[in-house]
Number of protein chains: 2
Amino acid sequence: MSGVAGAAHQNPSTPPSTVGILGGMGPAAGVDFARLFVRASERWLRSHGHPVQDQAFPEHWIAQVPVADRTQALRDPAAPQPLEDLATALRRLDMLGARAVAMSCNTAHAWHGALQTRVPGVELLLIAQETAAELRRRGIGRAALLATQGTYRMGLYDEALAAHGIECLLPSEQAREWLMEGIYEGVKAGNMPLARSRFVDACQQVLGLHGDVALVMACTEIPLALPDAPQAGGWTLIDPSDILATALAQRAYG
Amino acid sequence: MSGVAGAAHQNPSTPPSTVGILGGMGPAAGVDFARLFVRASERWLRSHGHPVQDQAFPEHWIAQVPVADRTQALRDPAAPQPLEDLATALRRLDMLGARAVAMSCNTAHAWHGALQTRVPGVELLLIAQETAAELRRRGIGRAALLATQGTYRMGLYDEALAAHGIECLLPSEQAREWLMEGIYEGVKAGNMPLARSRFVDACQQVLGLHGDVALVMACTEIPLALPDAPQAGGWTLIDPSDILATALAQRAYG
């Protein structure tokens, strides 16, 4: 048991910053984002030659808060809106000492600007920018966007991908309906076989139309089901949550 | 997309209470505990006829805080002690509105009494009591305890199991060393093959001595590796974390 005694002395010399995860949208996606963050922190420790042990990880707080449906709020201004609940949770993460916060919901980024204005002391990461930069680093020039209707409506990824010279392919209206069904009646309702089936239908249509393009899973529910589908074996699946989690770990250790 | 619009009206009539998870010991175990809590909440919703959707889950905050090693602290009073950091995190969960809190670390329960005294406004669940009650409900009369040296040292499960008439079998000193190696050099250090191998060695010795007994995985790191071992296929593995997560969901909805 020599690994335990005295091991604290081998930690990074500066303790990492506290960071936060704004989740609950849905709760399973929030937990999965936290898993990706822990894995990204472990990668950081390994790549910097530090031992991987409990005390070497950044303090992180995960807020799993019930907030109004984001796509519904974007579609109908009279529907319950998520901004106040998101702002309250973000303020609390700020109060807990978080230097940077990631939101584990793509559609919630519609309120990114309003949230950052209300809580200026925290860096609220931008999932589309982090993803576009990573696609560029990997030399990917064309990508199809798998997302909620809310994310399509606000054009979350369009500008970020364009700014990095990446062509953004959008699925047909039919494929978008399949994605929404897989997200809401599938993952959010705990029906994974339905989710996989609808996601695969949408992807097969996209790949049939555009050939072998990268598929950006730009809704945090999609990676909870699609990668397990046998059909997805040979596809290039990009997980913006994983990219965002890696960016958050870099902020914590940076 | 009829499942989205107006679905909030079908939620449980009383909103569930906010609850907390005191984690980081280690971080992967904390995340896995949150996953079990979300799954337990989903089971609760289903069994009560409520639709499973983001807004129906209890608000929950997960504190992943770096605290001193618990087994080391119990062995050596001069070593860094975890109590102050645990108490700070628990106070913060209280401040965030948590009615009940679960600690995703068995050994940390050595400080349960001190923590509950310092933060009396929160119900801090007891993993050994919840587990013993569940074993009794399942009609299990004998169980072997797989744990850290710290958990053995403080006798965390002994009294709770005895109070429910359950015979508690303790592994040999050699098997305990294998468990510690699997926990620290295995799971906590990200080496899953080593963890599986050591956990299987310990279990095979226990089963060889005592016959087909239930194996209580009384360290939150053990379920992250042992159930994936092919040898564990026919064994009766009990996961106190899953039992505790179910108890926490019941407190939230109760």
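Just so you know, these numbers come straight off a predicted model, no measurement behind them.

A. Focus on the layout of surface pockets. Of the pockets and cavities examined, the largest pocket occupies roughly 1,000 Å³. For the largest pocket, the lining is made up of 43 residues, of which A:D32, A:R35, B:V31, B:D32 and B:R35 are closest to its centre. Breaking the lining of the largest pocket down by element, the ones donating at least two residues are α1 (27-47) of chain A together with α1 (27-47) of chain B. Per element, the largest residue contribution to the lining of the largest pocket is 9 residues, and it comes from α1(A). Each residue belonging to the lining of the largest pocket can be placed in one class, and the counts come to 22 nonpolar, 5 polar and 16 charged.

B. A look at the relation of the copies chain A and chain B. Rotating chain A by 180° about the axis while translating it 0.0 Å along that axis superimposes it on chain B, leaving an RMSD of 0.0 Å. These values place the two chain copies in the arrangement generated by a two-fold rotation axis. In terms of C-alpha distance to the rotation axis, chain A has A:I62 as its closest residue, with the C-alpha 2.5 Å off the axis. Here 100% of the interface residues in chain A have copies in chain B that are interface residues too; the copies meet face to matching face.

C. Region of the structure containing the environment of B:A56. As for its position among the elements, B:A56 is in the loop between α1 and β2 (60-64). For the pair B:A56 and B:S41, spaced 15 residues apart in the sequence, the C-alpha separation amounts to 8.9 Å.

D. The domain arrangement of chain A, seen in detail. All names here are of chain A. Examined at the domain level, chain A breaks down into domain 1 (19-126 + 243-253) and domain 2 (128-240). Computed over C-alpha atoms, the centres of domain 1 and domain 2 are 21 Å apart. Listed as interface residues are 22 residues of domain 1 and, on the opposing side, 25 residues of domain 2. Across the domain 1 to domain 2 interface the summed buried area is about 1,800 Å²; carbon plus sulfur atoms make up 56%. For domain 1, the biggest contributors to the area lost against domain 2 are N106, L126 and I243; these three give 41% of the whole. Between domain 1 and domain 2 we count 1 salt bridge in total. Across the pair E130 and R251 runs a salt bridge whose closest N-O atoms are separated by 3.0 Å. Counting every contact that joins domain 1 to domain 2 gives 16 residue pairs in polar contact (both at pLDDT 80 or more). For the side of domain 1 that touches domain 2, the elements supplying multiple residues, two or more each, are α1, α2 (70-75) and α10 (240-253).

Conventions used here
Counting of residues starts from 1 at the beginning of each chain's written sequence and follows it residue by residue. Following the order in which they are written, the chains are lettered starting with A and the ligands numbered starting with 1. The predicted nature of this model means local features are confined to residues of pLDDT at least 70 and side-chain atom pairs, given and counted, to a pLDDT of 80 or more, with totals for whole chains, interfaces and linings taken over all residues. With hydrogens and water set aside, each side-chain value is computed from the structure's full complement of heavy atoms. Of the two site types, the cavity is a set of points on a 1 Å grid over the protein atoms alone where a 1.4 Å probe fits but cannot get out, and the pocket is an open set with protein on both sides within 12 Å along at least five of seven lines, each lined by residues with an atom within 4 Å of a point. Grid points are joined across faces, edges and corners, and a volume is the space filled by probe spheres set on the points. Comment: elements are numbered from the N terminus, with helices defined as DSSP H or I runs of at least four residues and strands as E runs of at least two. For this classification, the nonpolar set comprises Ala, Val, Leu, Ile, Met, Phe, Trp, Tyr, Cys and Pro, the charged set comprises Asp, Glu, Lys and Arg, and every other residue, Gly included, is treated as polar. Least squares is the method for superposing the copies, and the C-alpha atoms it fits come from residues with pLDDT of at least 70 in both. Here, residues are in contact when the closest pair of their heavy atoms is within 4.5 Å. For each domain, the first and last residues come from an automatic or database assignment. Summed over both partners, buried area is the accessible surface (1.4 Å probe) that two parts give up on being assembled. One side-chain nitrogen of Lys or Arg within 4 Å of one carboxyl oxygen of Asp or Glu is enough to make a salt bridge. Between N or O atoms, a polar contact is any pair within 3.5 Å; within protein, one atom must be a potential hydrogen donor and the other a potential acceptor, and residues adjacent in sequence are included only when both atoms are from side chains.

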